[in-house]
Amino acid sequence: LLLLLEATLLQLVSSSHHPFYNGFYYNHIMNDMGNGQDKVDYFNGARLVVETSKDPVYSYSGANVTLPCHYRYEPDLGDKRKIRIKWSKLQDDYTKEQDVMVAIGKTYVAFGDFKGRAHIRQTSQHEASLVISDVHLKDDGKYRCEVIDGLEDESDVVDLRLQGIVFPYQPPRGQYRLNFHEAEQVCQDQGAILANFNQLFQAWSEGLDWCNAGWLADGTVQYPIRLPRKPCGGVHLAPGIRSYGPRHRHLHRFDAFCFSSALRGEVFYLDHLDGMSLEEAKQSCQDAGAEIARVGHLYSAWKFLGLDRCNAGWLADGSVRYPIVKPRPNCGPAEPGVRSFGFPSKGRFGVFCYKER
């Protein structure tokens, strides 16, 4: 007890020369030299503020995009020592983060799929904006800009949204044949990815009504209903997104909701007088310096490029479809959309080709 009291008195005496800043705290931390000497950082009363765009930043697949982020001190302290900037990509529920990049001064390191595609833009003294080149479909989401100055650490979040379209997909085998991993793969095969909830909700708000349940990127199974009806949850439920919640990713089987962005190329139609088989259609696209279009290409061209064609054509998955912007007689239902003839084993049709610019 005597030794403890003596140590306490010595500590009080040794620290009595430190000033106390107007009610603010200071932090007492060990230095990194390993020599037993203490390093004291005083809180100077200035507040670090980090700000990003309050509105979503919109882009599309293949584009370059800048996510704005700036920081300042209140009150302004003038020049400070080098700060550390960290960008992370958040999950929808904010529980997990994916490292995008960290930077100190002009030195930075990008991680994972962002290597070679991400860097910090610092055109002004207090800028920490993130530049992403060749935007990928899976880049859609929320990003955290974090600024670290000594012991101070502040952040803000910006939302990157890709302009795109959600479309339901069933494989040739028919309805409810895909587990989660197979659903991921079929969307990739169609030039798309599994849609997330925000993308499905946006599609629903724009008019998507589909009674078959499909996988989303988070492993949940949901479907959008604009017109309540008995087979789709009942007539007494309000319009909205119906949810089965999380399902077993290996055992349970449903359809898929895929998301495709605006195109960097064009979709065009080819035909022969007597039509083509699927193999002949693929060759015709190659002869034209293109590839046979995927389902995602056709949906994107329909929505963003106004592709309107009443002639049915082959696509890469073996389906036969055609896009209608202006409904008219002999071209299907009275609403705009991409019509489908399914996956015919026989028959001769035209073909939709895709060529990047």
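Definitions and cut-offs
Residues numbered from 1 in each chain as written. Predicted model: local features only at pLDDT ≥ 70, side-chain atom pairs only at ≥ 80, totals over all residues. Heavy atoms only, no water. UniProt positions renumbered as here; feature names shortened; annotations may be inferred. Helix = DSSP H or I, 4+ residues; strand = E, 2+ residues; numbered from the N terminus. Buried < 20%, exposed > 50% of the residue type's maximum accessible area, 1.4 Å probe, protein only. Lys, Arg positive; Asp, Glu negative; His and termini not counted. Salt bridge = Lys/Arg side-chain N within 4 Å of Asp/Glu carboxyl O. Polar contact = N/O pair within 3.5 Å; in protein donor to acceptor, adjacent residues only side chain to side chain. Contact = heavy atoms within 4.5 Å. Pairing = 2+ DSSP bridges. Axes fitted to C-alpha atoms, helices over the stretch in contact; angles between N-to-C directions. Phe/Tyr/Trp six-rings, centres within 6.5 Å; stacked < 30°, edge-to-face > 60°. Lys NZ or Arg CZ within 6 Å of the ring centre and 35° of its normal. Disulfide = S-S within 2.5 Å.

Looking at an unreviewed UniProt entry, the chain carries the name HPLN3 protein, with the source organism given as Furnarius figulus. Regarding the chain, the UniProt comment filed under Subcellular location (unreviewed entry) reads as follows: "Secreted, Extracellular space, Extracellular matrix". What the UniProt record of the chain gives under Sequence similarities (unreviewed entry) is the line "Belongs to the HAPLN family."

Right, let's talk about the side chain of Arg339 for a bit. In this structure, Arg339 sits in strand S24 (residues 337–340). One buried charged residue, Arg339, forms no salt bridge at all, with the nearest opposite charge on Glu335 at 5.6 Å. Here the side chain of Arg339 touches Glu335 through a polar contact of 2.7 Å, landing on its backbone oxygen. Aside from chain neighbours lying at most four places away, what touches Arg339 is Val320, Arg321, Tyr322, Ile324, Pro327, Cys331, Gly332 and Pro333.

We now examine the pattern of salt bridges. For the structure shown, the criterion picks out 19 salt bridges. Where Glu74 meets Arg72, a salt bridge forms, and the shortest distance between an N and an O atom there is 2.7 Å. Among the residues examined, Glu74 registers a relative accessible area of 29% and is labelled partly exposed. Here Glu279 and Lys282 are joined by a salt bridge, their closest N and O atoms 3.8 Å apart. On the criterion of helical spacing, the pair formed by Glu279 and Lys282 is a turn pair, its members being 3 residues apart in helix H4 (residues 278–287). A relative accessible area of 54% means that Glu279 is categorised as exposed. The exposure class of Lys282 is partly exposed, given its relative accessible area of 26%. Salt bridges sharing common partners tie together Arg47, Glu51, Arg72 and Glu74.

On to the sheet that holds strand S10 (residues 118–121). Strands sit in the order S5-S11-S10 across an open sheet of 3 strands; the sheet is antiparallel. Where the open sheet ends on each side, the last strands, each with one partner, are strand S5 (65–67) and S10. When the angles between neighbouring strand axes are averaged without regard to direction, this sheet yields 30°.

What describes a pair of aromatic rings is the distance from one ring centre to the other and the angle between the planes of the rings. The final tally for this structure, using the stated rule, is 15 aromatic pairs. For the ring pair Phe201 and Trp204, a centre distance of 5.4 Å and an interplane angle of 40° mean the geometry is tilted. Taken as a pair, Phe201 and Trp204 lie in helix H3 (residues 197–205) at a separation of 3 residues, close to a single helical turn. Judged by its relative accessible area of 39%, Phe201 falls in the partly exposed class. Each member of the aromatic cluster is reached from another via a ring pair, and the members are Tyr176, Phe180, Trp215, Tyr223, Tyr244 and Phe254. Geometry around Trp204 places Arg226 over its ring, the cationic atom sitting 5.4 Å from the centre. It is Arg249 that lies over the ring of Phe180; its NZ or CZ is 4.3 Å from the centre.

The subject of this paragraph is the state of the cysteines. For the structure on display, the rule yields 5 disulfides. The disulfide partner of Cys187 is Cys258, and the S-S distance across this bridge is 2.1 Å. Between Cys187 and Cys258 the sulfur-sulfur dihedral comes to about -80°; the bridge is accordingly left-handed. In this pair, Cys187 sits in helix H2 (residues 180–189) while Cys258 sits in strand S19 (residues 255–261), placing the two residues 71 residues apart along the sequence. For Cys258, a relative accessible area of 0% translates into the label buried. With its sulfur 1.9 Å from that of its partner, Cys310 forms a disulfide with Cys331. One disulfide, between Cys310 and Cys331, carries an S-S torsion of -115° and so falls in the left-handed class. Of the two residues, Cys310 sits in the loop between helix H5 (295–304) and strand S22 (313–314) while Cys331 sits in the loop between strand S23 (320–324) and S24, which places them 21 residues apart along the sequence. Numbered by position along the chain, the disulfide-linked cysteines of the chain connect as 1-2, 3-6, 4-5, 7-10, 8-9.

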